[in-house]
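Overview (structure and organization)
Here are the chains, one letter per residue:
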Amino acid sequence: MAFFGLIGNDQKLAQEYSGRESASAQTARKRREGHHRNAAAADQQGQAWEDTQRARQNRGGWWRTR
């Protein structure tokens with residue numbers, strides 16, 4: 001059975017993979033990076049929306065001059 005060949009090689013595997021990032025840590029890192037990838041673009045879009053709303057509110061008209 002191939003399973004019994006895996007018993008006892010913990011130290012060997014630990015040395016072999018000691019400097020590598022684990023798969024779960026890599027997945028978590030990529031997920032976090034994905035959330036922040038478009039943060040600058042989202043900020044710019046939000047600022048542009050705010051500017052247009054402020055311009056619309058400040059545009060005024062005859063009913064706002066009283």
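Residues numbered from 1 in each chain as written. Predicted model: local features only at pLDDT ≥ 70, side-chain atom pairs only at ≥ 80, totals over all residues. Heavy atoms only, no water.

Some thoughts on the overall build of the protein
Of regular secondary structure, the protein possesses three helices and zero strands. Listed by position from the N terminus, the elements making up the protein come as α-α-α. By residue count, 3% of the 66 residues in the protein fall in the buried class. Counting only carbon and sulfur atoms, one obtains 53% of the accessible surface of the protein, whose full area is about 6500 Å². (Helix = DSSP H or I, 4+ residues; strand = E, 2+ residues; numbered from the N terminus. Buried < 20%, exposed > 50% of the residue type's maximum accessible area, 1.4 Å probe, protein only. Areas by Shrake-Rupley, 256 points an atom, 1.4 Å probe, with all protein chains shown as cover.)

As for the confidence of the model for the protein
Of all residues in the protein, 79% attain a pLDDT of 70 or more, and the chain-wide mean is 80. Mean pLDDT across the elements of the protein ranges from a minimum in helix H1 (residues 10-16), with 82, to a maximum in helix H3 (residues 39-58), with 90. (pLDDT = per-residue confidence, 0-100.)

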